[in-house]
Amino acid sequence: MTWIVNYLWLIPVLPMLAAGVCALLKQPQRRLSATLAIGSMSVSFVLALIAFAEALSHPAIQVANIHWMQFGDQWVSLGWLLDPLAAVMLVMVTFVGLLIFIYSTGYMAHDPNFTRFFCFLSLFAGAMLGVVIANSLLLLFMCWEVVGLTSYLLIGFWYHRPAAAAAAKKAFITTRIGDLGLLIGMVWLYAQSGTLLFYDNGSGCLEQHAISALAAHITIFGMVVSTAIGLLIFCGAVGKSGQLPLHVWLPDAMEGPTPVSALIHAATMVAAGVYLVARVYPLMNAHALEVVAWVGATTALFAACIAVAQNDIKRILAYSTVSQLGYMMLGLGVGGVAVGMFHLITHAFFKALLFLGAGSVIHGCTEEQDIRNMGGLRRFMPVTFAAYAAGTLALCGFPLFAGFWSKDAILHSAHGWGISRGPFYFGAIGALLTAFYMTRQVYYVFFGPRRVPEAQAEPVASPRHPAEESVIADPHESPRVMTTPLVILAVFAAFLGFVGTPAWPWFQSFLAGQPARFDIGGFSEPGLMALMGVSSLIVFAGIGLGWWLYGCKPIVNATDPDALERLAPGPFHALANRLYVDEIYEATVIRLTRFASAFSAWLDRWIFGGLVNLVAWIVTGFGWLDLGLDKYVVNGGFDMGCREVSLFGRFFTRIQNGRVQNYLRVIAVALVILAIFLLWGHRG
Amino acid sequence: MNPLAGCLLVSALLFAIGLAGAITRRSAILVLAGIELMLSAANLNFIAFWRFGPHPEALTGLIFVIFSIAVAAAEAAVGLALILAIYRHAKTSDVSEIREMRG
Amino acid sequence: MTLPFLILALLTLAGGVAAMTLRRLVHCALALAVSFAGLAGLYLNLGAEFAGLAQLLVYVGAIAILIVFVILLTRGGDADPDSSFSPASAGSVVIALAVFAVLAWAVNTSSLAHVATLQPAPPSDKTGTLQIGQALMQHYVLPLEVIGLMLTAAMIGAVILALRDKRIAAEPKDSELRAS
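As the structure is a computational prediction, the values presented were derived from the model and not from experiment. (Residues numbered from 1 in each chain as written. Chains lettered and ligands numbered in written order. Predicted model: local features only at pLDDT ≥ 70, side-chain atom pairs only at ≥ 80, totals over all residues.)

Overview of the overall build of chain B
Part 1: Within chain B, the regular secondary structure consists of three helices and zero strands.
Part 2: Secondary structure elements of chain B, listed N to C terminal, follow the sequence α-α-α.
Part 3: Considering chain B as a whole, with its 103 residues, one finds that 61% of them fall into the buried category.
Part 4: Restricting the contact set of chain B to residue pairs at least 6 apart, pairs at least 24 apart contribute 51%. (Helix = DSSP H or I, 4+ residues; strand = E, 2+ residues; numbered from the N terminus. Buried ≥ 20, exposed ≤ 12 C-beta atoms within 10 Å, placed from the backbone. Contact = placed C-beta atoms within 7 Å.)

Points about the overall build of chain C
Part 1: The helix and strand tally for chain C stands at seven helices and zero strands.
Part 2: Shown N-terminal to C-terminal, the secondary structure of chain C runs as helices and strands in the order α-α-α-α-α-α-α.
Part 3: Relative to its full complement of 180 residues, chain C shows a buried share of 27%.

What to know about the nonpolar core
Part 1: Ranked by internal contacts, the top residues of the largest apolar core, which has 210 residues, are Leu90, Met128, Val274, Phe349, Ala352, Leu353 and Ala493 of chain A.
Part 2: Counting residues per element, this core draws most heavily on helix H15 (residues 337-364) of chain A, at 18 residues.
Part 3: Those residues in contact with phenylalanine 349 of chain A that sit more than four places away from it in its chain are Val96, Ala402, Leu489, Phe492, Ala493 and Leu496 of chain A.
Part 4: Of all hydrophobic cores here, the second largest spans 84 residues; its members include Phe15 of chain B together with Ala29, Ala31 and Leu103 of chain C. (Core = buried A, V, L, I, M, F, W, Y, C linked by C-beta atoms within 7 Å.)

Section: helix H25 (residues 581-653) of chain A
Part 1: Considering bend angle alone, the principal kink of H25 of chain A is centred on glycine 609 of chain A and spans about 35°.
Part 2: Of all the 73 residues making up H25 of chain A, zero are buried; the element is thus mostly uncovered. (Bend = angle between axes of the 7 residues up to and from the residue.)

Quick notes on the interface of chain C and chain B
Part 1: Across the boundary between the two partners, chain C contributes 71 residues, which contact 65 residues of chain B.
Part 2: Those elements giving two or more residues to the side of chain C that touches chain B turn out to be helix H1 (3-21), helix H2 (25-45), helix H3 (49-73), helix H4 (89-109), helix H5 (129-138) and helix H6 (141-162) of chain C.
Part 3: By residue number, the principal contributor to the side of chain C that touches chain B is H3 of chain C, which donates twelve residues.

Re the interface of chain C and chain A
A common way to express how large an interface is: the accessible area buried when the components associate.
Part 1: Contact residues are listed per partner, giving ten residues for chain C and ten residues for chain A.
Part 2: In the side of chain C that touches chain A, the residues fall into seven nonpolar, three polar and no charged. (Nonpolar A, V, L, I, M, F, W, Y, C, P; charged D, E, K, R; others polar.)

Here we look at the environment of leucine 8 of chain C
Residue and element names in this part refer to chain C.
Part 1: With respect to the helices, strands and loops of the structure, leucine 8 is situated in helix H1.
Part 2: Distance from leucine 8 to asparagine 45, taken between C-alpha atoms, is 8.8 Å for residues 37 residues apart in sequence.
Part 3: Look past the residues within four positions of leucine 8 in its chain and what remains in contact with it is Gly38, Gly41, Leu42 and Asn45.

Considerations on the confidence of the model for chain C
Part 1: Predicted confidence across chain C gives a mean pLDDT of 85, with 87% of residues reaching 70 or more.
Part 2: Model confidence for the complex: the whole-complex pTM is 0.64, and ipTM, which rates the interface, is 0.92. (pLDDT = per-residue confidence, 0-100.)

Regarding the packing of helix H17 (residues 382-396) of chain A against helix H20 (residues 480-495) of chain A
All names here are of chain A.
Part 1: Interhelical geometry of H17 versus H20 gives an angle of 30° and a closest axis separation of 9 Å. By the criterion of interaxial angle, the relationship of H17 to H20 is roughly parallel. The handedness of the crossing between H17 and H20 comes out as left-handed. Within the contact between the two elements, H17 uses Val383, Thr384, Ala387, Ala390, Gly391 and Ala394 and H20 uses Thr483, Leu486, Val487, Ala490, Ala493 and Ala494.
Part 2: Tallied by class, residues from the contact of H17 with H20 come to nine nonpolar, three polar and no charged. (Axes fitted to C-alpha atoms, helices over the stretch in contact; angles between N-to-C directions. Parallel < 35°, antiparallel > 145°, perpendicular 65-115°, else oblique. Left-handed = near helix turned anticlockwise from the far one by under 90°.)

A word on the environment of tyrosine 190 of chain A
Part 1: If you trace the backbone, tyrosine 190 of chain A turns up in helix H7 (residues 162-193).
Part 2: In this structure the C-alpha to C-alpha distance between tyrosine 190 of chain A and leucine 137 of chain A, which are 53 residues apart in sequence, comes to 9.3 Å.

Here's the deal with the packing of helix H14 (residues 313-335) of chain A against H15 of chain A
Axis angle and axis distance: for two packed helices, these are the angle between their axes and the distance between the axes, and together they describe the pair.
All names here are of chain A.
Part 1: The interhelical angle for the contact between H14 and H15, taken along N-to-C directions, is 175°, at an axis separation of 8 Å. Comparing their axes, H15 and H14 come out roughly antiparallel. Mapping the contact onto sequence places Ile313, Lys314, Leu317, Thr321, Gln324, Tyr327, Met328, Gly331, Leu332 and Gly335 in H14 and Val337, Val339, Gly340, His343, Leu344, His347, Lys351, Leu354, Phe355, Ala358 and Val361 in H15.
Part 2: Here the contact of H14 with H15 is composed, by residue class, of twelve nonpolar, seven polar and two charged.

Side note on the pairing of strand E2 (residues 74-82) of chain A
Residues and elements named next belong to chain A.
Part 1: Pairing of strand E1 (residues 62-71) with E2 involves nine bridges; the strand directions are antiparallel. Residue pairing for E2: histidine 67 is matched across the bridge by serine 77.
Part 2: Hairpin connection of E1 to E2: two residues between the antiparallel strands, including glycine 72 at a positive phi of 65°. (Pairing = 2+ DSSP bridges.)

Quick notes on unusual backbone geometry
Part 1: One non-glycine residue with positive phi stands out, namely leucine 400 of chain A, at about 80°.
Part 2: As for its placement among the helices and strands, leucine 400 of chain A is situated in the loop between H17 and helix H18 (402-415).
Part 3: In the Ramachandran plot, histidine 55 of chain B falls in the positive-phi region, its phi being about 55° despite a non-glycine side chain.
Part 4: Topologically, histidine 55 of chain B is positioned in the loop between helix H2 (28-52) and helix H3 (60-90).
Part 5: Residue histidine 55 of chain B is classed as exposed on the basis of its 11 C-beta neighbours within 10 Å.

Okay, here's the thing in structure tokens:
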């Protein structure tokens, strides 16, 4: 057990410690907070590289478990593991995170809450790294929840904006619904297998013994227990990774600052769901994977359709993220861990690049986010344009860029899926739409005439720029601290794909723990070249369609209707309104919840509150009773007693009336009585 | 009923008469007179027991009675002087009128 | 219970009753004197000559006369009180009777009251005045001195009590004139 495995826990803990210290800092101490965050992330990155090297040389899973709490004679254990999957994720998260941290120092430079931002960012990074290396479903769940919390904190970073606060709440609640499924699955798994550790010298819940035990039982709907648990855990992934029923929070999450969108909602947090499914892959049998594949495929197509008709630069990218997450799930479902994870890694780089580029555009246009109010930015922001173009090509799956190899692997696996061809067609159409809407976006933003919004007579104050900066000023290129990460990411977006080509499937082999060979013959797999050709054609078709609609005849004014809108106004409006999913939820789930909450409020107020009030009245009644008792019985009795004593005394006072003869009479009577007493005993 | 008992009965009766007068009459002087009668009854008692008791030659009872008579005389003198003083102050010697020392 | 004893007893008791029930104070005082005389006779009957004669000298000669003097001095408006008996006189008589009853009962139930033969009378040369004087000077010398002291104190006290108050200037002269 090498020292890196023993000290692997440092990787998440260092950013968390940085977050803790940043929480105690005052807002003006910006440089210190940024230094702490970036410093801890850098150290974590170095440690991640060392872990990666270790995993390269030692591909088997290495585990370090610690006993945590004791229940009777059972121990609840936590632990961390290091295997190729975790190593790859560690490097990706720390590297992309580091770049985005550096980018944020420039993007948030004008924000008064700089220190708080870095505190939350560090906390998120620590929690995400904790999810990656967790060897216990319990520890993973705990870090998962912290990730959700920091997502809420960061989406609602500008909390005084109502839209941001509402978006944060929506994100948290929607992911919570998914997390409920995850929790139930976790509890069931613990009940069935007696442990939550993934790998524990043969007794972990993902190891052979537990899996076979789970596969032996049948539960509701005729499902095997392991399928049911796998699907419940997948629910958590559905929430976190924005799959179809629970995707509604991701577009609204764009209310947060752009680095947040880049880090959390493009590269890492949404990828946590995919990583979770990859981690518990031994638990998923063919039926569960079938569900995963269909959900992923549907999501991919659905989100791609909606992205076509959006006008906010970040919303387009958000729906694109939802769509690509669908692709990742599809890849996991049809092709296995390596296929899905490959696309996750490449997507992290180019989606982060796209978001950071969008952030650069927004920063350059001083908070403008509507693409109809942009145009011709190619001239003003060349570096941003070049990086953005690289990212776009990667996302579309342009041949030889990173996205091409990963998406092609998914489509190849979907094509060869024995159960149905449906997901393949969904994926193919989705690829076409992806190319189309990204081209549309690029033409709107970077090409064509410069469009200025008309209704902006006076400058609008934004959270990050004071009102003095005029909106009418020309857009400017972003500072070096923001463009350098863009360039680095662009390089990766272009060339990262080469680690996973069929000729040299280094990535897939690495994850499987086998050595990789460079073999040109990998291309000669039957159907592979044809598929690559077909997917390339799809990409070209999409780009060409986009060019034809938006490149040839760009719109001149911000209020001009969209070209697609002119062609097919009905579907365009439906897509622009996001296919009314939010409205459906509002009318059904939200209304039901509101009714339930009103009912609960009534119940609480009148029934439970009534009971409490009743008890209070009874107690008050007892109090009054006590008061009465005290006043009339105790006090009154006491008073009466005293009065009696007083009367008694006054009665006896009358004996001493100053009459001497009376005294004599009393003495005589006493003498008689005394004599009688004394003589009585002695008679006879 | 031997002579001793007879003397004792007479003494008791005289004592009761004196007591009756002391607690019945309103005049302070007669109260004092009743007290003198009571004292005299006690003296008779002493003489009776001296005469009929053991060792009369020890003269105990007789000496006691002599002293008792002396004390009675002194007490009568002082008491009557008191009555005079009260009469001068309250203008009456009626005991039922003089009741300022009460609770 | 010889006849002289009975007569003397009757005299004493009658005098006592009269002293306590007569209306006019002077009559009461005189009846009291009679009662004292009867008592003196009883002492003589019982062989206590000195005590009897002392009784006559002191009680009849001094105390009864003193009572008469004070009656005369406190006549006030020379009017008899409306009722010479206090309001509770009935009960008081009952109490006195109760006292007598108890004492009589005590006497009757004692063994001494039923002894058949009693002590013979002591010889008079053992109980004479000489013996009394000797006893007083030897055995009872301390009580004698104390009695002397007491009599002195009583005399002084009585004089002081009966003395007229010098502070009231006008009155003493008027009453002195009236007295003379």
